[in-house]
Amino acid sequence: SQDKHHYLYHTLGNIYHFQKKYDKAIANHQKAIDIRPTYARPYIHLGETYQLLGDNERCIEYLLSAIDLFSQNDFHNEVIEYSNKVLSLDLANIDALMYLQYSLHATEQYERGLSAGMEIYRIATEDNITDIHPQNWVLTGMNAFHCMEYELSYNMLTMALKEEALSGEDAWLAVCYLSAVSYMQGNKAAAKEFEDIAKESGPAAKSFIRELRKQVK
């Protein structure tokens, strides 16, 4: 079957890799990817082979492909591991930082997530990169909230909401967090205003905001 062929080529690629027959390793891992492009491991091994050959650019390309697949399936530990590997080769790789921030937040590693988010912000500001999706600023604001950095959280969340590209669940999360931030800052009027806006999308907003407040008390 096609699935068996996929594992066969993947295994052959690993064998050739350990035998240092890198051309054959690359060819077999590529065949495994061609048969089953949604399986992440051959991308990892292909990237590692290119790294051994001194081609870090192609290594990063394949590692990011694997990270994307891991992220789609909520394999956060793998996302964190291989995002850090990309960053060991390219400290300013914004794609890796974005994946890293998301998975660190998902695993409640808020301080590290905030560090990743602020690094994205630093690079975007210094290099005048304007096409960063505002979802990243929402995540940074959320991580800042959980680190009790309320002013920073407020600034990142309001910056995100000014972007037209922000919509749906991301916008709802930003408003909910802004309500919680305002409450923690002692501005109950603003907290109520943001809560009312969030509740327009459903009654779950009130309980979600209350839960956020409890988490940092």
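It should be emphasised that the depicted structure is a prediction, and the values quoted were computed from it without experimental measurement. (Residues numbered from 1 in each chain as written. Predicted model: local features only at pLDDT ≥ 70, side-chain atom pairs only at ≥ 80, totals over all residues. Heavy atoms only, no water.)

A.B. asks: What's the story with the pattern of salt bridges in this structure? I'm lost.
C.D. replies: Pairing between side chains of opposite charge can happen when the charged atoms of each approach one another. Under the criterion given, the structure shown has 9 salt bridges. R41 serves as the salt-bridge partner of E78, at 3.9 Å between the closest nitrogen and oxygen. Placement of E78 in helix 5 (residues 76–89) and of R41 in helix 3 (residues 41–52) is noted, with a sequence separation of 37 residues between them. The partner of R122 in a salt bridge is E126, with the nearest N and O atoms 2.7 Å apart. Of the two residues, R122 and E126 both sit in helix 7 (residues 110–126), 4 residues apart, roughly one turn of that helix. E126 sits in the exposed class, given a relative accessible area of 55%. In the salt-bridge network here, residues are joined through shared partners; they are K192, E195, D196, K199, R210 and R213. (Salt bridge = Lys/Arg side-chain N within 4 Å of Asp/Glu carboxyl O. Helix = DSSP H or I, 4+ residues; strand = E, 2+ residues; numbered from the N terminus. Buried < 20%, exposed > 50% of the residue type's maximum accessible area, 1.4 Å probe, protein only.)

A.B. asks: Before we go on, may I ask you to explain unusual backbone geometry in this structure?
C.D. replies: Unlike most non-glycine residues, D74 shows phi in positive territory, near 60°. Residue position: D74 is located in the loop between helix 4 (56–72) and helix 5.

A.B. asks: What is the right way to look at the nonpolar core in this model?
C.D. replies: When a protein is soluble and globular, its nonpolar side chains tend to lie buried together. Ranked by size, the top nonpolar core spans 57 residues in total, and within it F70, V86, W137, V138, F145, L157 and Y177 carry the most contacts. With 10 residues, the single largest contributor to this core is helix 10 (residues 168–184). (Core = buried A, V, L, I, M, F, W, Y, C linked by side-chain atoms within 4.5 Å.)

A.B. asks: Could you clarify how one ought to interpret the packing of helix 2 (residues 22–35) against helix 3 in this entry?
C.D. replies: The packing of two helices is summarised by the inter-axis angle and the distance between the axes. Running from N to C, helix 2 and helix 3 cross one another at 155°; their axes reach a closest spacing of 9 Å. Considering their axes alone, helix 2 and helix 3 lie roughly antiparallel with respect to each other. For the pair helix 2 and helix 3, the sense of crossing is left-handed. Residues Y22, A25, I26, H29, Q30, A32 and I33 of helix 2 touch helix 3, and the partners they reach there are P42, Y43, H45, L46, T49, Y50 and L52. Class assignment for the residues of the contact of helix 2 with helix 3 results in 10 nonpolar, 4 polar and no charged. (Axes fitted to C-alpha atoms, helices over the stretch in contact; angles between N-to-C directions. Parallel < 35°, antiparallel > 145°, perpendicular 65-115°, else oblique. Left-handed = near helix turned anticlockwise from the far one by under 90°. Contact = heavy atoms within 4.5 Å. Nonpolar A, V, L, I, M, F, W, Y, C, P; charged D, E, K, R; others polar.)

Shape descriptors only; they carry no functional weight alone.
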